[in-house]
Amino acid sequence: MTKQNHIGWNFKNSYAQLPEKMFAKQMPTAVPNPKMVCFNDELAKTLGLDFSAISEDNKAQLFSGNLLPIGAEPIAQAYAGHQFGHFTMLGDGRAILLGEHLSPNNKLFDIQLKGSGQTPYSRRGDGKATLRSMLREFLISEAMHHLGVPTSRSLAVVNTGEKVYREEVHEGAVLARVMSSHIRVGTFEYISNFLDVTTLQGFTNYVIKRHYPELTKNANPALALLKTVMNKQIDLVINWLRIGFIHGVMNTDNMSITGETFDYGPCAFMNNYHPDTVFSSIDVQGRYAFGQQPGIVQWNLVCLAEALIPLIDKDADKAVKMAQEVINSFPAIYKEKWWQMNGIKLGFTSVAENEKQLIEDLLTWMQNNQADYTNTYLAIANYYQQTDEKYITPDFAQWYQRWEDILKANNISLSSALKTMQQHNPEFIPRNHLVEKSLDNACLQQNFTLFNELLKTSKAPYQAQSSYKHLQTPPPDGDKGYKTFCGT
Ligand code: AMP
Ligand code: MG
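Small disclaimer: the values here were computed from a predicted structure and weren't measured.

Turning our eyes to something else, we now look at the nonpolar core. Residues Tyr 15, Phe 188, Phe 203, Leu 346, Ile 380 and Trp 403 are the most contacted members of the largest nonpolar core, which totals 104 residues. Ranked by residues supplied to this core, first place goes to helix H6 (residues 221–243) with 14 residues. Formed jointly, this core draws a minimum of three residues from each of two domains, domain 1 (15–179) and domain 2 (185–337). In this view, Leu 346 contacts Leu 358, Ile 359, Leu 362, Tyr 377, Ile 380, Trp 399, Trp 403, Leu 407 and Met 421; residues no more than four positions away in its chain are not counted.

Quick look at the structure:
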């Protein structure tokens, strides 16, 4: 037995107190030979957890699920969801919630093991995850966090010592995922479709109390919840668009009620700017393409609204009208925030007609010239030092001159614009080709050099670092043929 008392676990398991149809009690499946692969010291610290007195072996036992943390009450959560538009019963098929840990600053965090074996919701799946995809999630979720995007985080990756069979044989792994909760739009859809209104009311009260206590006193808490989740999701998708992130599988079961990014299966970053960019192997229609994401968020919110109808008003027609009014406000709120975000990327403090035209022209220019989304903003900021011939063309020079003129007309000095830009335009994103190469090196050759470099630069993504220039270069073929996968 380990001396777990020193770790600082402080489990308060509220989800396990909910009605029994909301989850299934489920122990993680034991794994044969767990070995620590990654551990997030910084995150452990913010959670108030101290593993310094724990051996690596015991840590691996803990984060593989072979040993339970003190106070854990493992469950698999029930949920449903619209996957590519089709409603299905789902649930944690390969994840187990150990419980909710209360951190020293009084915040509750789900501690979840992903890849820890079958549950009653596994359907035909094996309940497992590959080392490669758990390392990918570790790297990208940490990068997202440091890019300033709300997200689930990764505490640990353990190699289970087991083989996992996908198209090829893989090493198996378990990821310890930390998130303010795993409650999704699909959780509401599950209750609305399969349980009763009393449960829906009780659960909605629970969600409001847990995540949005300020809404408790609202005259119509369910409607206020819808509005609040909408605003959180708008902010989230704006952040994704700011940094070129493509989630890849924005089904309603992968959209969190707290506005955090999660489920990192088929996600990717856009290199060359094009709104139709899509990498997920199963997304043949481009439903979740880069530029489709705001529309999909709105679509998913309609599913949330439908689930909440009985709580919004006893009169269903009236409730629908009220919910519709909220949903109808989406496009205008979104668009305004989108202009603001694009303005900030160019150092503007406000956006009027001239700025809008300039923004649109830049996006069109990038699209027509296969320009890298991240590097173009860096090129604007370093215009006079440019060596990349893409940015030394007359049409780009003309655009640049207009930008300088509009800054001047706004009384914004170049240095102050550059300062704003530097805070919102990353130097480093986890480039797809580098992520995949780092995973090849790590999983096939046990060489973590590139993986660790990517992790290191991702911790300060807005800071130029001359020794890591090689991590800023897009692939020469512009991601041609690159594909990402779910469920690996
Ligand atoms: P995702 O695409 O990760 O959002 O997963 C969709 C659904 O499939 C969820 O219910 C998952 O728990 C389930 N799932 C994905 N992979 C597996 C697996 N290997 N074994 C069991 N269930 C899985
Ligand atoms: Mg999912």
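Now that the structure is up, let's keep going.
Overall, the coordinates contain 34 aromatic pairs when judged by the stated rule. Summarising the aromatic geometry, the rings of Phe 51 and Phe 63 are spaced 5.4 Å apart at their centres and angled 55° between planes, so their arrangement reads as tilted. Within this pair, whereas Phe 51 is found in the loop between helix H1 (41–46) and helix H2 (56–64), its partner Phe 63 is found in helix H2, the two being separated by 12 residues in sequence. Residues Phe 51 and Phe 63 agree in their burial class; the two are buried. Seen in terms of ring centroids, Trp 365 and Phe 396 are 4.6 Å apart; in terms of plane orientation they differ by 45°. Their pairing is tilted. Of this pair, Trp 365 sits in helix H10 (residues 353–368) while Phe 396 sits in helix H12 (residues 394–409), and the two are 31 residues apart along the sequence. Each member of the pair, Trp 365 as well as Phe 396, carries the same accessibility label: buried. Put simply, the rings of Trp 365, Tyr 383, Tyr 384, Tyr 391, Phe 396, Trp 399, Tyr 400 and Trp 403 touch in pairs and so form one group of aromatic residues.

Right, let's talk about the domain arrangement of the protein chain for a bit. The domain architecture assigned to the protein chain consists of domain 1 (15–179) and domain 2 (185–337). Between domain 1 and domain 2, the C-alpha centre-to-centre distance is 23 Å. With 33 residues of domain 1 at the interface, the matching set in domain 2 holds 40 residues. Between Asp 110 and Arg 210 there is a salt bridge; the shortest N-O distance is 2.8 Å.

According to the stated counting rule, one finds 3 cavities of 30 Å³ or more in the structure shown. If you add up the space inside the largest cavity, you get close to 60 Å³. Lining the largest cavity we find Leu 139, Ala 143, Leu 147, Phe 428, Ile 429, Pro 430, Leu 454, Thr 457, Ser 458 and Pro 461. Where the lining of the largest cavity is concerned, the elements lending two or more residues are helix H3 (131–146) and helix H15 (449–458). Sort the elements by how many residues they give to the lining of the largest cavity and H15 lands first, with 3 residues. When the residues that make up the lining of the largest cavity are grouped by side-chain class, the tally is 8 nonpolar, 2 polar and no charged.

Time to look at the site of ligand 1. Among the 17 residues in the neighbourhood of ligand 1, the closest are listed as Gly 91, Gly 93, Arg 123, Gly 127 and Asp 263. One of the side-chain N or O atoms of Asp 126 is found 3.0 Å from a nitrogen atom in ligand 1. Note that a nitrogen atom of ligand 1 is positioned 2.8 Å from one of the backbone N or O atoms of Gly 127. For ligand 1, the accessible surface in isolation is 490 Å², of which the surrounding protein chains cover 87%.

Looking at the metal site, the magnesium ion (ligand 2) is ligated by Asn 254 (OD1) and Asp 263 (OD), spaced 1.9 to 2.2 Å from it. Asn 254 sits in the buried class, given a relative accessible area of 6%.

Turning our attention to the pairing of strand S5 (residues 86–89). Two faces make up the sheet, and in a regular strand the side chains alternate between them. Both strand S4 (residues 80–83) and S5 contribute to a ladder of 4 bridges, which runs antiparallel. The partner of Gln 83 across the bridge, within S5, is His 86.

Buried residues of H15: Leu 450, Phe 451, Leu 454, Leu 455, Thr 457 and Ser 458, and no others. Next to the buried residues of H15 lie strand S2 (35–39), H3 and helix H14 (432–445).

Before going further, it helps to examine unusual backbone geometry. Even without being glycine, Phe 84 reaches a positive phi, approximately 50°. The topology assignment puts Phe 84 in the loop between S4 and S5. A relative accessible area of 25% means that Phe 84 is categorised as partly exposed. Although it is not a glycine, Gln 446 adopts a positive phi angle of roughly 50°. Residue position: Gln 446 is located in the loop between H14 and H15. Residue Gln 446 is classed as exposed on the basis of its relative accessible area, which comes to 55%.

Scoring rules and cut-offs
Residues numbered from 1 in each chain as written. Chains lettered and ligands numbered in written order. Predicted model: local features only at pLDDT ≥ 70, side-chain atom pairs only at ≥ 80, totals over all residues. Heavy atoms only, no water. Core = buried A, V, L, I, M, F, W, Y, C linked by side-chain atoms within 4.5 Å. Buried < 20%, exposed > 50% of the residue type's maximum accessible area, 1.4 Å probe, protein only. Helix = DSSP H or I, 4+ residues; strand = E, 2+ residues; numbered from the N terminus. Domains from an automatic or database assignment. Contact = heavy atoms within 4.5 Å. Phe/Tyr/Trp six-rings, centres within 6.5 Å; stacked < 30°, edge-to-face > 60°. Salt bridge = Lys/Arg side-chain N within 4 Å of Asp/Glu carboxyl O. 1 Å grid on protein atoms, 1.4 Å probe; cavity = no way out; pocket = protein on both sides within 12 Å on 5 of 7 lines; lining within 4 Å. Points joined across faces, edges and corners; volume = space filled by probe spheres on them. Nonpolar A, V, L, I, M, F, W, Y, C, P; charged D, E, K, R; others polar. Near = heavy atom within 4 Å. Polar contact = N/O pair within 3.5 Å; in protein donor to acceptor, adjacent residues only side chain to side chain. Areas by Shrake-Rupley, 256 points an atom, 1.4 Å probe, with all protein chains shown as cover. Donors = N, O, S within 2.8 Å, 3.2 Å for Na, K, Ca; no water. Pairing = 2+ DSSP bridges.

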